[in-house]
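Examining the three-dimensional arrangement
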Amino acid sequence: MALLDGHRAVVTGGGSGIGAETCRRMAAEGAQVAVLDVNAEHADAVAKEIDGLSYTVDVTDFDALSAAMLDASDRMHGLSLLFNNAGGSTLSPIHDYDVSEWRRIVELNLTGVFHGFKAAAPIILASGGGAIVSTASISGTRPAAGEAPYAAAKAAVVALTASAALEYAPTIRVNAVSPGMIRTPLTELLLDQRGIGLEEQQRAKTPLDRIGTPADIADVVVFLCSDLARFVTGQNLVADGGMTLHGSGIDGVLDVVTELLSQR
Ligand SMILES: NC(=O)c1ccc[n+]([C@@H]2O[C@H](COP(=O)([O-])OP(=O)(O)OC[C@H]3O[C@@H](n4cnc5c(N)ncnc54)[C@H](O)[C@@H]3O)[C@@H](O)[C@H]2O)c1
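Residues numbered from 1 in each chain as written. Predicted model: local features only at pLDDT ≥ 70, side-chain atom pairs only at ≥ 80, totals over all residues.

**Overview of unusual backbone geometry**
- Note that the residue after Ala169, namely Pro170, is joined by a cis bond; omega there is 5°.
- Along the chain, the position of Pro170 falls in the loop between helix H6 (148–168) and strand S6 (172–179).
- Notably, His77 is not glycine yet its phi reads approximately 60°, a positive angle.
- When you line up the elements, His77 lands in the loop between helix H3 (62–76) and strand S4 (81–84).
- On the basis of neighbour counts, which here come to 9 C-beta atoms within 10 Å, the residue His77 falls in the exposed class.
- For Asp209, which is not glycine, the phi torsion reads 65° and is therefore positive.
- Structurally, the position occupied by Asp209 is in the loop between helix H8 (198–204) and helix H9 (214–225). (Helix = DSSP H or I, 4+ residues; strand = E, 2+ residues; numbered from the N terminus. Buried ≥ 20, exposed ≤ 12 C-beta atoms within 10 Å, placed from the backbone.)

Rendered as structure tokens:
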């Protein structure tokens, strides 16, 4: 028997990186998966690979997200899993952030996750229960310079996870995963920049001696969604190869980006 047999999942940000790999892992473990992303082409491609459903939705638009969850639930005959994963950021000193950019990052990384809970929890309860996992970050547990709105939003996702775990117990288990430095389209632009040595710097700070892969996080999400984690709720599982044992994850990256921009 596979780990997620009989489960019906929605994955936000499922068109790329960690979300896409989690869609594949969930499907391989027997779940039906609805891939939800603001990028239609990417959502369609992942859904096609895994014979899943595809929704083009911006998680900051509650009505659209809610309509997609209801439709997915109708078509999959209920919903038991949500992976609240869409997110991303820019880097800047605090006083240089435009107010609109601050709001955009908090809306995407925090309000988008709240929208996920609000839309999916009633459906999961009505379907008999399940699990919700949200993507936080080591930026929330050990923030670095240059990522204030993102770090604040990701720390808040951990607090939201704890509140939700209490509200939805015992029917829905609620946890967060905090990835360290993972090679995805979000990070590879920086990791692959020649001459700045970011990959080496990040690897040197990681006791397990490598940059993470989307599969490293997808496996943790599948674990948290599965019955193997049946006594785990309200937790933030840090999967960073041990990086934050040494302090902040992306410390120094703002300096690298500032230097890079000044050369253009
Ligand atoms: N890659 C890392 O090192 C790392 C580390 C810690 C946390 N994270 C978090 O992991 C999650 C996934 O990141 P990733 O590295 O796979 O990035 P990614 O850019 O590869 O994937 C993110 C996906 O989210 C989608 N998305 C963005 N805004 C959206 C919106 N408003 N509505 C719906 N979908 C939207 C994008 O189109 C993309 O497909 C994010 O929450 C990110 O903050 C990543």
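**A closer look at the pairing of S4**
- Burial along S4 is two-sided: Leu81 and Phe83 and Leu82 and Asn84, pointing in opposite directions, are all buried.
- Relative to S4, strand S1 (residues 8–12) is paired through 3 bridges, and the arrangement is parallel. Paired with Val10 across the strands is Leu82, a residue of S4.
- Note: S4 against strand S5 (residues 130–135), 4 bridges, orientation parallel. Considered in S5, the bridge of Leu81 is made with Ala131.
- This β-α-β element, S4 to helix H4 (residues 99–126) to S5, shows right-handed connectivity. (Pairing = 2+ DSSP bridges. Right-handed = clockwise from strand over helix to strand, strands pointing away.)

**Let's talk about the packing of H4 against H6**
- Contact geometry of H4 with H6 gives a least axis separation of 8 Å together with a crossing angle of 15°. As the angle between them shows, H4 and H6 are arranged roughly parallel. Helix-helix and strand crossings are classified by hand; for H4 and H6 the assignment is right-handed. Between H4, through Trp102, Ile105, Val106, Asn109, Leu110, Val113, Phe114, Phe117 and Ala121, and H6, the contact on the second element is made entirely by Pro149, Tyr150, Ala153, Lys154, Ala156, Val157, Leu160, Ala164 and Tyr168.
- Of the residues contributing to the contact of H4 with H6, the split by class is 16 nonpolar, 1 polar and 1 charged. (Axes fitted to C-alpha atoms, helices over the stretch in contact; angles between N-to-C directions. Parallel < 35°, antiparallel > 145°, perpendicular 65-115°, else oblique. Left-handed = near helix turned anticlockwise from the far one by under 90°. Contact = placed C-beta atoms within 7 Å. Nonpolar A, V, L, I, M, F, W, Y, C, P; charged D, E, K, R; others polar.)

**Some words on the site of the ligand**
- In the vicinity of the ligand lie 29 residues, with Gly13, Ser16, Gly17, Gly87 and Thr184 positioned nearest.
- Breaking the shell around the ligand down by element, the ones donating at least two residues are helix H1 (17–28), H4 and helix H7 (185–191).
- When grouped by side-chain class, the residues that make up the shell around the ligand number 10 nonpolar, 17 polar and 2 charged. (Near = placed C-beta within 6 Å.)

**Topic: the packing of H1 against H9**
- Two elements in contact, H1 and H9, have axes whose closest approach is 8 Å; the angle formed by their N-to-C orientations is 55°. What the angle tells us is that H1 and H9 run oblique. The way H1 lies across H9 gives a crossing that is right-handed. Contact residues: H1 offers Gly17, Ile18, Glu21, Thr22, Arg25 and Met26, while H9 offers Pro214, Ala215, Ile217, Ala218, Asp219, Val221 and Val222.
- Per-class residue counts for the contact of H1 with H9 are 8 nonpolar, 2 polar and 3 charged.

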